[in-house]
Amino acid sequence: MGECVSLAPGDRSAHARDEGTPLTWVPGAVVYARSEGDVLETLAVARDWRVPVTPWGAGTSLEGAALPVPGAISLDLGGMDGVGEPDLLGFTVTVGPGVRRVALNRRLRPHGLFFPVDPGADASLGGMAATNASGTTTVRYGGMRENVAALRVALADGRVLTLGNAARKSSSGYALKQLFLGSEGTLGVITALTLRLHPLPPATASVQLAFRDVEGAVAASVTLRGLGLTPERLEFVDAATVAAVNRHRARRDPEAPTLWVEVAGRDRADLDAQLALLREAASLHGGALVGAARTPEAQTELWAARHGVYDALRAAWPGHATRIGDVCVPLSALAGTVALAQELLEQYGLTAPLVGHVGDGNLHLLMHAPPDDADAWTRIDQVLHALAAHAVAVGGTCTGEHGVGLRKRAYLRSEHGDALDVMREVKAMLDPLNLLNPGKVVGDPALLPAFPVSDHGAADGTAADWRPDVPARP
């Protein structure tokens, strides 16, 4: 396996940061796994030498889940990118954890199938499973937990488990597969996934519905669900976001709070009926249809603009660092949560575009400020803390889709209560040496001061002397 191991500074630096945190934690080595055997051999070395291991997919984590412990092993699974033959009758396919979402759907399209989970980023499927990713299509198809039929997972002790199966349902045994989906590499390393596929819709259409205010757009999103519509996608962007996308992509969309919606139907008549309901829901709340796309090319452009929101917003504030807030609330609490977000921004003197998968009650605030403006980042932390605490208090969650990683650990006690203790017991049982992505998810922030909750401007982690609390090598 020696040819899979790199100590080169360039390789180590490439695995020292993710997309969402300013921290730089350089691993001591990068292992480029090409097979399950490489993963098992890496874990054996980790056990022998008491070296932590953090799995790495595409590095698109936003909460620090993929950051390695400084000096430890970054286990890059990108080379495990095999794709099996799709089961055209059972609507499944088995893939390696390094397969990217976009590449998989290119291979599936000639078969008339697609994998629906779409977080926007071209993430790896293993990373998406590890964080229970979701995105724009969750309102119709669910997230990774609903779309992974089976997993192979390598445990810290060298065992490999096959969890789940390709059957459409099962009453057999404990649902251990669900335990690993969303565990962010803290319980085991995913080495293969069997995914549920869906037929490509025979006809689709996408529209933009503009509103006078944010409240109207949010209310319309709830109304259209009440009318019996289950859209393929249901997205909200505020006026500032539309303006940024217009500048970044040379578009001319009305700069107003907007719902972007995609519907699927059997034929054109079915689509027309659904579009009529969309217009009705919008008009009830002061909205109107301002754009429509029916051809594949036009729809691709429209949704490329939506997926380009993050890049457009970063371009809108050159030189600023960014941080995305991610909470999810029950639909009954959605309007109040949006109003609270607006009040908090005004109270703390901040601007932050609001974007949401509103069909799921999932909201994002793109916070931004100069990287050295300590006062602004303190206020940003206060806004995001208040929003996360509110989401938990109204029966929601501190993270809808970005995962816990480092930042959201502080909210797990209030969200899960005594269940957090059970989670930590499960972690200790499956990883008694605390070698698998230590400090993440259920790690106690009070006991791990090297991992700050508020991390902006934190020191480079290359010189950190933190080590996981594990027994010394015998």
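As shown above, the structure is provided for reference.
Residues numbered from 1 in each chain as written. Predicted model: local features only at pLDDT ≥ 70, side-chain atom pairs only at ≥ 80, totals over all residues. Heavy atoms only, no water.

J.: Residue-level account of the nonpolar core, with values.
T.: Counting residues in each nonpolar core, the largest one holds 55 residues, and the members touching the most others are Leu209, Leu259, Val261, Leu278, Leu365 and Met367. Element by element, the count of residues in this core is highest for helix H14 (residues 374-393), at nine residues. Of all hydrophobic cores here, the second largest spans 27 residues; its members include Leu113, Ala133, Leu151 and Phe180. (Core = buried A, V, L, I, M, F, W, Y, C linked by side-chain atoms within 4.5 Å. Buried < 20%, exposed > 50% of the residue type's maximum accessible area, 1.4 Å probe, protein only. Helix = DSSP H or I, 4+ residues; strand = E, 2+ residues; numbered from the N terminus.)

J.: Kindly report on the sheet that holds strand S5 (residues 92-95), identifying the contributing residues and their values.
T.: Pairing within the open sheet is antiparallel, and its four strands lie in the order S5-S9-S7-S8. The open sheet terminates on both sides in strands that have one partner only, identified here as S5 and strand S8 (160-164). With strand direction ignored, the average angle separating the axes of adjacent strands in the sheet is 15 degrees. Inspection of the sheet shows strand S7 (residues 148-154) paired to strand S9 (residues 189-196) by six bridges, in the antiparallel sense. Bridge pairing in S9 links arginine 152 to alanine 192. (Pairing = 2+ DSSP bridges. Axes fitted to C-alpha atoms, helices over the stretch in contact; angles between N-to-C directions.)

J.: Requested: an account of the environment of aspartate 418, with residues and values cited.
T.: One can find aspartate 418 in the loop between helix H15 (412-416) and helix H16 (419-430). Here aspartate 418 falls in the exposed class, since its relative accessible area comes to 62%. A sequence separation of 18 residues divides aspartate 418 from leucine 436, and the C-alpha atoms of the two residues are 23 Å apart.

J.: Describe the sheet that holds strand S17 (residues 362-369), listing the residues and the values that go with them.
T.: Taken in spatial order, the seven strands of this open sheet run S14-S11-S13-S12-S16-S17-S15, and their pairing is antiparallel. Taken across any chain shown, the strands that pair with only one partner, and hence form the sheet edges, are strand S14 (287-293) and strand S15 (321-328). The sheet shows a mean angle of 20 degrees between the axes of neighbouring strands, direction not considered. Of the strand pairs in this sheet, strand S12 (residues 233-237) and strand S13 (residues 258-265) are connected by five bridges, and their pairing is antiparallel. By the bridge assignment for S13, glutamate 235 is matched with tryptophan 260. Where helix H11 (residues 296-307) meets the sheet, its contacts fall on strand S11 (203-211), S12, S13, S14 and strand S16 (354-357), and the angle it forms with S13 comes to roughly 140 degrees. Against the sheet, H14 makes contact with S15 and S17, and its axis sits at roughly 10 degrees relative to S15, the strand it touches most. (Contact = heavy atoms within 4.5 Å.)

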